[in-house]
Amino acid sequence: MNTYNDYLKEIEARKLQGLHPKPIDGAELLSEIIAQIKDENNEHRKDSLNFFIYNVLPGTTSAARVKADFLKEIILGETKVEEITSEFAFEQLSHMKGGPSVEVLLDLALGEDKAIAEAAAKVLKTQVFLYEADTERLEEAMKAGSAIAKEIIESYAQAEFFTKLPEVQEEIQVVTYVAGVGDISTDLLSPGADAHSRSDRELHGQSIFEHNKDMQQEVLALKEQHPDKRIMLIAEKGTMGVGSSRMSGVNNVALWTGIPSSPYVPFINIAPVIAGTNGIAPIFLTTVGVTGGIGIDLKNWVKQKDENGNTVVDADGEPILKEVYSVKTGTVLTINTKEKKLYNGDQELKDISTALTPQKMEFIKAGGSYAVVFGKKLQTFACKALGIEIPQVYAASKEITVENQGLTAVEKIFNKNAVGTTPGKTLHAGSNVRVEVNIVGSQDTTGLMTSQELEMMAATVISPIVDAGYQSGCHTASVWDDKSKANIPRLMKFMNDFGLITGRDPKGHYHAMTDVIHKVLNDITVDDWDIIIGGDSHTRMSKGVAFGADSGTVALALATGEATMPIPESVKVTFKGSMRSFMDFRDVVHATQQQMLKQFDGENVFQGRVIEVHIGTLTSDQAFTFTDWTAEMKAKASICISEEETLIESLEIARDRIQIMIKKGMDNEKQMLQGLVDKANNRIEELKSGSKPALKPDADAKYYAEVVIDLDEIAEPMIADPDVNNEDPSRRYTHDTIRPLSYYGGTKKVDLGFVGSCMVHKGDMKILAQMLKNIEAQHGKLEFKAPLVVAPPTYNIVDELKAEGDWEVLQKYSGFEFNDDAPKAAARTKYENMLYLERPGCNLCMGNQEKAEPGDTVMATSTRLFQGRVVKDADGKKGESLLSSTPVVVLSTILGRTPTMEEYEAAVDGIVLTKFKPSQKQLVMA
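First, a word on scope: everything that follows refers to the structure included in this document. (Residues numbered from 1 in each chain as written. Predicted model: local features only at pLDDT ≥ 70, side-chain atom pairs only at ≥ 80, totals over all residues. Heavy atoms only, no water.)

**As for the overall build of the protein chain**
Then, in step 1: Helices and strands together make up the secondary structure of the protein chain, namely 31 helices and 33 strands.
Then, in step 2: In terms of overall size, the protein chain behaves like a compact globule, its C-alpha atoms giving a radius of gyration of 28 Å where 926 residues would be expected to give roughly 29 Å.
Then, in step 3: Each of the three principal axes of the protein chain carries a C-alpha extent, and together these read 90 × 65 × 65 Å.
Then, in step 4: Looking at the protein chain as a whole, 62% of its 926 residues are labelled buried.
Then, in step 5: Taking as baseline every contact in the protein chain between residues at least 6 positions apart, the subset at least 24 positions apart corresponds to 73%.
Then, in step 6: Taken as two groups, the 100 positive and 133 negative side-chain charges of the protein chain have centres that lie 1 Å from each other. (Helix = DSSP H or I, 4+ residues; strand = E, 2+ residues; numbered from the N terminus. Rg over C-alpha atoms; globule rule 2.2 N^0.38 Å. Buried < 20%, exposed > 50% of the residue type's maximum accessible area, 1.4 Å probe, protein only. Contact = heavy atoms within 4.5 Å. Lys, Arg positive; Asp, Glu negative; His and termini not counted. Charge placed at Lys NZ, Arg CZ, Asp CG, Glu CD.)

**Focus on the packing of helix α8 (residues 132-143) against helix α9 (residues 147-157)**
Then, in step 1: It is the contact of α8 with α9, at a shortest axis distance of 8 Å, that shows an interaxial angle of 125°. In terms of axis orientation, α8 runs oblique to α9. In the crossing of α8 with α9, the sense of the turn from one axis to the other is left-handed. Here L138, E139, A141 and M142 of α8 lie close against α9, whose contacting residues are A149, K150, I152, I153 and Y156.
Then, in step 2: A breakdown of the residues in the contact of α8 with α9 according to their chemical character gives 7 nonpolar, no polar and 2 charged. (Axes fitted to C-alpha atoms, helices over the stretch in contact; angles between N-to-C directions. Parallel < 35°, antiparallel > 145°, perpendicular 65-115°, else oblique. Left-handed = near helix turned anticlockwise from the far one by under 90°. Nonpolar A, V, L, I, M, F, W, Y, C, P; charged D, E, K, R; others polar.)

**Digging into the pairing of strand β29 (residues 788-791)**
Then, in step 1: Alternating residues of β29 divide into L788 and V790 and V789 and A791, and every residue in both groups is buried.
Then, in step 2: Bridge analysis of strand β28 (residues 752-756) against β29 gives 4 bridges, and the strand direction is parallel. Bridge pairing in β29 places F754 opposite V789.
Then, in step 3: The parallel pair β28 and β29 is bridged by helix α27 (residues 762-779), and the resulting crossover is right-handed. (Pairing = 2+ DSSP bridges. Right-handed = clockwise from strand over helix to strand, strands pointing away.)

**Some points on helix α1 (residues 2-16)**
Then, in step 1: The end-to-end C-alpha distance of α1 is 22 Å, a good match for the 21 Å that 15 residues give at a rise of 1.5 Å each.
Then, in step 2: Residues of α1 that are buried: T3, Y4, Y7, I11 and R14. What you see down the axis of α1 is that its buried residues fit within an arc of 95°, all on one side. Among the exposed residues of α1, those pointing more than 90 degrees away from its buried face are N2, K9 and L16.
Then, in step 3: In this fold, the buried residues of α1 make contact with α2 (27-38), α3 (45-54) and α12 (201-205).
Then, in step 4: Once α1 ends, the next one or two residues include G18, with phi positive near 75°. (Expected span 1.5 Å × (residues − 1). Arc of directions from axis to C-beta.)

**A closer look at the side chain of E853**
Then, in step 1: Mapped onto the secondary structure, E853 falls in the loop between β31 (835-837) and β32 (857-860).
Then, in step 2: A polar contact of 3.4 Å, which involves the side chain of E853, links it to the side chain of K830.
Then, in step 3: At 3.3 Å, the side chain of E853 forms a polar contact with the backbone nitrogen of Y831.
Then, in step 4: Setting aside anything within four residues of it in sequence, one finds E853 in contact with T829, K830, Y831 and V871. (Polar contact = N/O pair within 3.5 Å; in protein donor to acceptor, adjacent residues only side chain to side chain.)

**Comments concerning the packing of α1 against α2**
Then, in step 1: With their axes 8 Å apart at the nearest point, α1 and α2 run at an angle of 100° to one another. As the angle between them shows, α1 and α2 are arranged roughly perpendicular. Mapping the contact onto sequence places N2, T3, Y4 and Y7 in α1 and E28, L29, E32, I33 and Q36 in α2.
Then, in step 2: Here the contact of α1 with α2 is composed, by residue class, of 4 nonpolar, 3 polar and 2 charged.

**Comments concerning the side chain of T331**
Then, in step 1: Its location among the elements puts T331 in the loop between β10 (321-323) and β11 (332-336).
Then, in step 2: A polar contact of 2.6 Å, which involves the side chain of T331, links it to the backbone oxygen of K328.

**Description of the packing of aromatic side chains**
Then, in step 1: Applying the stated criterion to the full structure yields 20 aromatic pairs.
Then, in step 2: Ring centres of Y7 and F51 lie 5.3 Å apart, and the angle between their planes is 70°; this geometry places the pair in the edge-to-face category. On the criterion of sequence distance, the pair formed by Y7 in helix α1 and F51 in helix α3 is long-range, its members being 44 residues apart. Across the pair, F51 and Y7 agree in class, each one buried.
Then, in step 3: Aromatic side chains F129 and F374 sit 4.9 Å apart centroid to centroid with 55° between the ring planes, which places their arrangement in the tilted category. Separated by 245 residues along the polypeptide, F129 in the loop between α7 (114-124) and α8 and F374 in helix α17 (residues 369-386) bring together distant segments of the chain. Grouping residues by exposure puts F129 and F374 together as buried.
Then, in step 4: An aromatic cluster is defined as three or more aromatic residues linked by ring pairs; in this entry it consists of F575, F585, F626 and F916.
Then, in step 5: Directly above the ring of W301 sits K237, whose terminal nitrogen or CZ lies 4.5 Å from the centroid.
Then, in step 6: It is R828 that lies over the ring of F816; its NZ or CZ is 4.5 Å from the centre. (Phe/Tyr/Trp six-rings, centres within 6.5 Å; stacked < 30°, edge-to-face > 60°. Lys NZ or Arg CZ within 6 Å of the ring centre and 35° of its normal.)

The analysis is restricted to geometry; functional conclusions fall outside its scope.
This is how it looks when you write it as structure tokens:
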């Protein structure tokens, strides 16, 4: 009885937090519960029945196995439970989403009892989460003469699991709730500091709106006032869901405003409705589709124009916006899914057809995109088994071909990796495509959710289509606390067993690697034609094309080796002019955003599109600084177009780092890493021989826009400023306010500096070491007037710095150096004015473990400047995170303020900050 008693104690503890019993996923506890159900005189029998029926996680959890087997006993009459009839047992199995439940249903359908077989077949016809072992068993039974197996396969061929679902209601009434003015980051919906609780959905749900109880109560009050309507969360004058895919954010919104996915599975809700004046951030919108939700681009505020059609601006040169229609909190609106319009009463407000495309309507009908993906796969199997053409049940994938028009880089990659498209047809942007995925990455604060998703879709092993999968430990690297100790080893074991390379070895044979996931994925991508999916918005490699994704899309890619999405439009970025010697490449990145907005009258042409950057001469290590930042540009992805020689160098660096991983013992039984080395060598040989040149767009490719960045205009370091005191709250905490160093006049106080995260590479660490030596030589001593936190991205970089002598320099000036044998068990709350050499990983950038002191002004190399992410507000003082290059950060901490241009130039004198220059070669295919 120990396990059950422990569960009761946990239930009492959760009550104190206002929580219900945690859903059961373990076999031992459920076995004990079943024993109590069988014992009719057991004092816990009633509660045990309730737990069994309503509180067990489905899929491939060990509890699901025990539950499925017990239901099978009941159906076969081997066990009698008065409260669970055979019919109810079948209903329970129908909600268990595959894995053991499908295995049991197949046992029953292919068994001797005809009545039971027919009942099992009826349920099986509604299921979509079948894998090769299941479909092979069905096909073999059909070939052996089983009429019922043939009947099930015929049903699958007609996709009755989809066609017999209720149609989407024609009118969906919503009541608005403005969750914020300006861009809303996913941190508001699922704070990074609560990452440890994401897999406990009810507990994590308490973190929505960053634990703002007043806002939570407002949502509850709206639900009470409008019980027949859905709450629509809105980003007024901004974009919803910027920053990351954050499946936990969508889960939280669905938990508070959505619909239960099953009466027998607690806290898993679907169908949230969200909106933004400027729509939904691209990768967050994908996450909404996973749950069968609706994401609406409201465009309820527009730029005012004068009589000549020019944009009217205020004193700061910012466009003045005019409200077209109101969506203030409490407004009742109607979504008409047939007309694809948004109404207020009888008044038509907006065409929302892009939110209700045929494919998205299928997601809504099926309760999420997974069911559609698996359904199509199951239908394909069935038709092949029956030797028939696939009936057109699902909306035909949109295939757009433009005669005599070349292909952009992303169009080329999608055409190369596409599956199920019309043979011989060349596809252009806007086409809906299923593509094979080469590399999949899972990170540690979403990984537990990914493992849950894999269990729920009954997947047990990584798809053979995937070249490599990697599970990181970077987001929980800086503090090895009790939460990490409880979650991370369990995650690593699951993913290692599933077939991924894992940052930590469950068997303890190799050193724990806390390397930043994006950097690892950038190294293990060894082909410029690859497609990469990763559980983080900064999955934006500088080889191939990479897409940040939610934990569910990552799970789907791991399980099936595929992803489905439209081919995005592209924006071409090229460079002209030359860089001043004291400029860093980070300044080019910020200037790109600044000049783009200027060239297009404030319109962000990057949003939702692929940035095809003709970077040419930078290796992938350094070019990653650009592709990484494209998440902040709100782009869907980025592709680097390189010269052959540069690409070869990049592949050689990547290959050699993979060899180091193999040497450390990180390869698995399938020799996944060795396969990447072989692939890299093959691609290098192709490039050297000329048999397959580097990826380049066609000269006559069509772009949404073309942006030319003038390097001559970049006269001083550029800083992304959260502009925390802007009178218009919609203009705070965006990444679009880019200011020159001189704006601050050398007087802005800096309380903390951070050099780290995915935005820095080995070169940044070397620059840091050289600057420290420079400043000491110039001033006779080195003294920090503000703390400087340094977190190298990877252990490989640390090892390389040690071999080249730079790490010794950093050690000399540091007051703290990480120790893997005794990692920090608690996050810092105070910092001294010194250099901290932290463990490789995300550190301050993530905001879930380390944080600056409230109210600090932070100068950082990282990517996030959202409110509360790196630094919280203090009473009377707003915390702010300014983003800049490594040299600016370093000098700001030594001075305790922003430097003047004279101070900056002196500090970087003689240091080569970047060798970037525009390519002189033709980076297109004639």
